[in-house]
Amino acid sequence: MLDIRIPIGLLFAVLGVLVLAFGIATNSDPDMYVKSMQININLWSGLFMTIFGAFMLIWVKMTKKAE
Amino acid sequence: MEQTFDLQWIDYAIMMIYFVFVLGIGWVLKRYMKDANAFLEAGRSMPAWVAGLAFISTNLGALEVMGMTGSGAKYGMMTTHFYWIGAIPAMIFLAIFMMPFYYGSKARSVPEYLKLRFDEKTRGLNAILFAIMTILASGISMYALAILMEKVLGWDFNLSLILSAAIVLGYTYLGGLSSAIYNEVLQFFIIVIGLFPIVYLSLHEVGGWGGLKESLEPIVSNKGFAPDAFTTTWKYSGSATSNPMGVEWYSIAAGLGFVLSFGYWCTNFLIVQRAMAAESPVAARKTPLIGALPKMFIPFLIIVPGIVALVLMNNPTSGFSITDPVTGQPNYDLTIIMLLKHYLPAGVLGLGLTALLASFMSGMAGNVSAFNTVWTYDIYQSYIRPATNDKEADSKHYLKVGKLATIFGVLVSIAAAYLAGLFGNIMDFLQTIFSMINAPLFAVIALGMFWKRTTGHAAFIGLLAGFTIALLHHGLTAPMGATTLVKGGWIGIVHVYPVEMAQNFWTAIFAFVTSASLTIGLSLATKKIKSDEELVGLVYSLTPRSGMNDGKWISRPSTLAWLVGIIAIILTILFW
């Protein structure tokens, strides 16, 4: 049976890299900053999702190794 | 505040990638769907953490996300009653006391448990009502999604409806219950990660929890409540008029905390099915408890931003509004949508909208997968084409029927969605009927599980009588200011409740008490047909409890139940 951690890890790794790249590319665009807060939310969300996706995939790899 | 969104390419790209993954999961699982057991019961192979997250994701539909954020803006932290006292005790009870019988009896559905414990007529009544209600609920979810897409994205209503139905049909037809469960886990993560930026940014803007409490004080005082009435849960529940929800502590505890929540979490097959798909009896017992852990913290994801929305609405310089341009009144269902628009730029906006779409689809797919199981096993196999001696041929035949039921279920859902468009109150109507059915059902199942003397005739009449009393109570009472008969009073008005929620709580209490007392009385007056031997595995006192608490103490369901209970108590005290 499919290990659900693989699609979860892949999905968030792909989305994370996409959003992170978009955040970096639009870093100088003031419209991309949340109103009145100097936060580039795409940058942080993208980074978090990439790490989360990578964590899931590493977890699968570690489990396979242990088996 | 303009209600339509101006999406960029990246927002559409995020949605497309998500849908490719959703359908991809169905496609990968297709090869494992070799018989009815794999398709309709996920082969009883789900690890506890997968079943647990699916258990909670099924409940985290879009109507829940949108409705509860709106309730946060209307009632404040009192909305958490639906997540703490209105869920956690019932989930612990289901895990510790009921799952051993649902799972151990080898019943494939809740209606089938009723057949094994009582008789065919009790199963038939529950199966037919459940099949009709789930498919209507699926249709209403589709309707709400299509309306939302039309309002905020400007998409055509018919196109949105057909597209969402096609995606749900695609992955549930290909991978059955396994695909629905796997996608619910994926949806859980996308909902949490997609909505989390809203929590962070909204709290950041008002200066954290302390700043939020300070900003709320003048707003709440203007409404005639104590300044901290929106950030506490039980403190002002002594009288109905001193809290924003308009209900007293005893109707919260008995109506929501006992009857409604136990009726929903312990007997609704849509929810219980996830635990029944677990890989072992211990995993089945852990499923509701694993689901309870995130359940307790979901209020911080969807209710707290709703409370911040109330502050923003009362600040003319914020530019935030949920006023419906047609009626000029606040439309609380739009709260989460407007928060997404207010805070999120392109990119994370696509992620937030994908989270909402995911929550709609988890609701739809959950209903369709529960429908096809009940239809195939409890209606088709029972009344149309019973099983033969050839088990292999039967299994292949019921697999085909299950797949056809999936197509049929989605088509009827589409019809129900158009029906919802014709009758604006159908959602209220459906929720009212659901609570009328669930309360007597819990009374009957609990008595059947914990009292061996309960008889089939008594259970059947108890179910019908509880439902009838609920209807009568609803027909003779109405909430203050009700403008439609869907809200009650369609026979005549003998009592007016201050708010609709109080009426719902008391309807459930009356239904439960009637059903329980009548079932007990009639059980004592009728002959017990099933022998004690036949009831082993179905009734608590007749079932050996060996193996229920094997293994190290740290990995036992009872340990997890204590942990969940303690966290729930701490949260309740913190926000008392």
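Description of the structure in this document. (Residues numbered from 1 in each chain as written. Chains lettered and ligands numbered in written order. Predicted model: local features only at pLDDT ≥ 70, side-chain atom pairs only at ≥ 80, totals over all residues. Heavy atoms only, no water.)

## Thoughts on the overall build of chain A
(1) Moving on: Regarding its fold elements, chain A presents two helices and zero strands.
(2) Moving on: By principal-axis analysis of the C-alpha atoms, chain A measures approximately 50 × 15 × 15 Å.
(3) Moving on: Contacts in chain A between residues at least 24 apart in sequence constitute 63% of all its contacts with a sequence separation of at least 6.
(4) Moving on: For chain A, the exposed area adds up to about 3,700 Å²; of that, 71% sits on carbon and sulfur atoms.
(5) Moving on: One finds the centroid of the 5 positive side-chain charges in chain A at a distance of 12 Å from the centroid of its 4 negative side-chain charges. (Helix = DSSP H or I, 4+ residues; strand = E, 2+ residues; numbered from the N terminus. Contact = heavy atoms within 4.5 Å. Areas by Shrake-Rupley, 256 points an atom, 1.4 Å probe, with all protein chains shown as cover. Lys, Arg positive; Asp, Glu negative; His and termini not counted. Charge placed at Lys NZ, Arg CZ, Asp CG, Glu CD.)

## Digging into the environment of Ile469 of chain B
(1) Moving on: One can find Ile469 of chain B in helix 17 (residues 456-476).
(2) Moving on: As a C-alpha pair, Ile469 of chain B and Ile437 of chain B span 32 residues in sequence and 11 Å in three-dimensional space.

## Examining the packing of aromatic side chains
(1) Moving on: This structure, assessed with the given rule, holds 39 aromatic pairs over all chains.
(2) Moving on: Consider the rings of Phe48 of chain A and Phe52 of chain A, whose centres lie 6.4 Å apart with planes at 10°: the pair is stacked. Note that Phe48 of chain A and Phe52 of chain A are positioned in helix 2 (residues 41-66) at a spacing of four residues, about one turn of the helix.
(3) Moving on: Residue Phe52 of chain A is classed as buried on the basis of its relative accessible area, which comes to 14%.
(4) Moving on: Relative to Trp49 of chain B, the ring of Trp59 of chain A lies with its centre 5.8 Å away and its plane at 40°, an arrangement referred to as tilted. Of the two residues, Trp59 of chain A is situated in helix 2 and Trp49 of chain B in helix 3 (residues 48-59); the pairing between them involves two chains.
(5) Moving on: The partly exposed category is assigned to Trp49 of chain B, whose relative accessible area is 25%.
(6) Moving on: An aromatic cluster of at least three residues, connected via ring pairs, comprises Phe93, Phe97, Phe101, Phe258, Phe262, Phe442, Phe450, Phe512 and Tyr540 of chain B. (Phe/Tyr/Trp six-rings, centres within 6.5 Å; stacked < 30°, edge-to-face > 60°. Buried < 20%, exposed > 50% of the residue type's maximum accessible area, 1.4 Å probe, protein only.)

## Considerations on a nonpolar patch on the surface
All names here are of chain B.
(1) Moving on: On the surface, a nonpolar cluster with roughly 400 Å² of combined accessible area is contributed by Leu472, Leu485, Trp490 and Ile491.
(2) Moving on: Secondary-structure assignment places Leu472 in helix 17.
(3) Moving on: Under the relative-accessibility criterion, Leu472 is labelled partly exposed at 38%. (Patch = residues over 30% accessible without salt bridge, like charges linked within 9 Å, V, L, I, M, F, W, Y side chains within 5 Å. Salt bridge = Lys/Arg side-chain N within 4 Å of Asp/Glu carboxyl O.)

## Section: the interface of chain B and chain A
A common measure of how large an interface is: the accessible area buried when the components associate.
(1) Moving on: The interface is formed by 35 residues belonging to chain B together with 28 residues belonging to chain A.
(2) Moving on: Roughly 2,800 Å² is buried in total at the junction of chain B and chain A, and carbon and sulfur atoms are behind 86% of that figure.
(3) Moving on: The largest contributions to the chain B side of the interface with chain A come from Phe21, Tyr182 and Ile193 of chain B, which together make up 19% of the buried area.
(4) Moving on: Taken together, the connections running from chain B to chain A amount to zero salt bridges.
(5) Moving on: It is helix 8 (residues 157-206) of chain B that provides the largest number of residues to the side of chain B that touches chain A, a total of 12 residues.
(6) Moving on: Its residues assigned to classes, the side of chain B that touches chain A comprises 27 nonpolar, six polar and two charged. (Buried area = accessible area lost by both parts, 1.4 Å probe. Nonpolar A, V, L, I, M, F, W, Y, C, P; charged D, E, K, R; others polar.)

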